[in-house]
Each structure stands twice: as structure tokens, then as C-alpha cells.
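Close look at the chain arrangement
Here are the chains, one letter per residue:
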Amino acid sequence: MSQNLIEVTLTLNGKNVTARVAPDTTLYTFVRERGCASVKCACETTNCGLCTVWLDGSAVLSCAIPMARVNGREVTTLEGLREESAAFARCLAEEGSEQCGFCSPGLIMNVLAMEREIRERAAGQGVEPTAPTDDELNAYLAGNLCRCTGYEGQRRALRRYVAERFAPAAGTDQAVSPAPATATAGEERA
């Protein structure tokens, strides 16, 4: 059996890792075996988004990536982004979108990837980054399935996060408007 193993070297959440694995071992299995419990899998068909990690800074579905394709690359899970993810996690909690929380890590990984992509694109163009439109937000949410929230809480959280992180584009109605203030005890949200 050992002759069928391959050696891979990668960076996982900032730490160099070398391991011998079967070539068809998925990145999902690999990171879970190394304690990255935030990475989950509910479908095993690349449809739910729960297994989202970053591979060289881009969001990918880890259940679809064989370890043979990961050698020499950088893998980041939510465990490696605790500080960076805190602001969006707070928005999720404040907007009541945390029900079971099972889908949240994949959603957070995609939202952070979206923010980085927008900022990098703006920097490449020499302009200030602007908030994504509702259509752009929907595109980023499309790959994240949630069985218990109905997505409205997540959308409120995402709009709040975007409003906090991006200055509205001057003179345009394309920017996402801030989410309404969170209801206090005894108040109902409109």
C-alpha cells in the first residue's frame, strides 16, 4: 500500500505540513484529519458550499480537490482566519442568522473571499473599492446552502457587513444600503 502514497508539502493556515497520502485523498479529508473542524461536508457533490476553503487565496470546494493537486500550495481554513472573520460573524449573530450554524463557516469563507477579490480588483484598477450590488451578493451566496434560515438573516448580515466594510460609491445607486438597525428586546423588525 505504501508504494501508492504520494508525499505532499503545503502550507495549512500558515504552517508548513508534509504528509504521505493516497493521491485520491480529498483536501476536505486532509484538513479534517488535521483538526480543521470548521470545514464540513453535507452533500459530497460540490453543491452545499460547507467545505469551502481557500487554495492559494481563492475559495474552492475542498471535497472536490484531490491532494495530488495541492502539493506546494497554500490552504486556508476558517481556523486560519479567526481575527479576519470576527466582524462578519458578529453581523451574523446580530442579525439572527445563526440558527444551527452548520453552514456558517463555508459562508464566512466565501464572504471573506468576496471582500478580498473586490479589494484586489479595485487596487489593480487604482480605485477605491465599492460595495457590491445585490446581484453580486446573490452570486456569492449562490453556492452556500442553508437548510434552516431561509437566507433573509444571512442577507441582512451580509448587507450590514458590506455597509461597514465599504464606503458607498459616490453618485451611484449601485452600492448596497446599510441593513436596518437590529431590533432591541421587545421590538420587532420590519
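Presented here is an overview of the structure given in this document. Please read these numbers as outputs of a predicted model, since none were measured by experiment.

A few points about the pattern of salt bridges
- All told, the structure shown has 13 salt bridges when counted by the stated rule.
- Of the charged contacts in the structure, one is a salt bridge between glutamate 94 and arginine 160, with a shortest N-O distance of 2.5 Å. One end of the pair, glutamate 94, is in helix α2 (residues 82–94); the other, arginine 160, is in helix α5 (residues 152–165), with 66 residues separating them in the sequence.
- The class for glutamate 94 is partly exposed, based on a relative accessible area of 31%.
- Note that glutamate 152 is salt-bridged to arginine 155, the shortest N-O span being 3.9 Å. Within this pair, glutamate 152 and its partner arginine 155 are both found in helix α5, separated by three residues, close to a single helical turn.
- Judged by its relative accessible area of 22%, arginine 155 falls in the partly exposed class.
- Here the salt bridges share partners, and the residues they tie into one network are Arg90, Glu94, Glu95, Arg156, Arg160 and Glu164.

Re the nonpolar core
- One finds Phe88, Val111, Met114, Leu158, Tyr161 and Val162 to be the most contacted residues of the largest nonpolar core, which totals 23 residues.
- Elements with a minimum of two residues in this core: α2, α3 (104–125), α4 (134–141) and α5.
- Dropping the residues within four chain positions of it, phenylalanine 88 is found in contact with Leu107, Ile108, Val111, Ala157, Leu158 and Tyr161.
- Residues Phe30, Cys36, Cys51 and Cys63 belong to the second largest nonpolar core, which totals 22 residues.

So, the environment of cysteine 146
- By the element assignment, cysteine 146 lies in the loop between α4 and α5.
- Each C-alpha atom, one on cysteine 146 and one on glycine 101, is 9.0 Å from the other, the two residues being 45 residues apart in sequence.
- Discounting chain neighbours no more than four positions away, the residues touching cysteine 146 are Cys103, Tyr151 and Gln154.

Things to note about the packing of aromatic side chains
- Scanning the entire structure with this criterion turns up one aromatic pair.
- The lysine or arginine in question, arginine 34, covers the ring of phenylalanine 30, its NZ or CZ lying 3.7 Å from the ring centre.
- Positioned above the aromatic ring of phenylalanine 166 is the side chain of arginine 119, whose terminal nitrogen or guanidinium carbon lies 4.6 Å from the ring centre.

The rules behind each value
- Residues numbered from 1 in each chain as written.
- Predicted model: local features only at pLDDT ≥ 70, side-chain atom pairs only at ≥ 80, totals over all residues.
- Heavy atoms only, no water.
- Salt bridge = Lys/Arg side-chain N within 4 Å of Asp/Glu carboxyl O.
- Helix = DSSP H or I, 4+ residues; strand = E, 2+ residues; numbered from the N terminus.
- Buried < 20%, exposed > 50% of the residue type's maximum accessible area, 1.4 Å probe, protein only.
- Core = buried A, V, L, I, M, F, W, Y, C linked by side-chain atoms within 4.5 Å.
- Contact = heavy atoms within 4.5 Å.
- Phe/Tyr/Trp six-rings, centres within 6.5 Å; stacked < 30°, edge-to-face > 60°.
- Lys NZ or Arg CZ within 6 Å of the ring centre and 35° of its normal.

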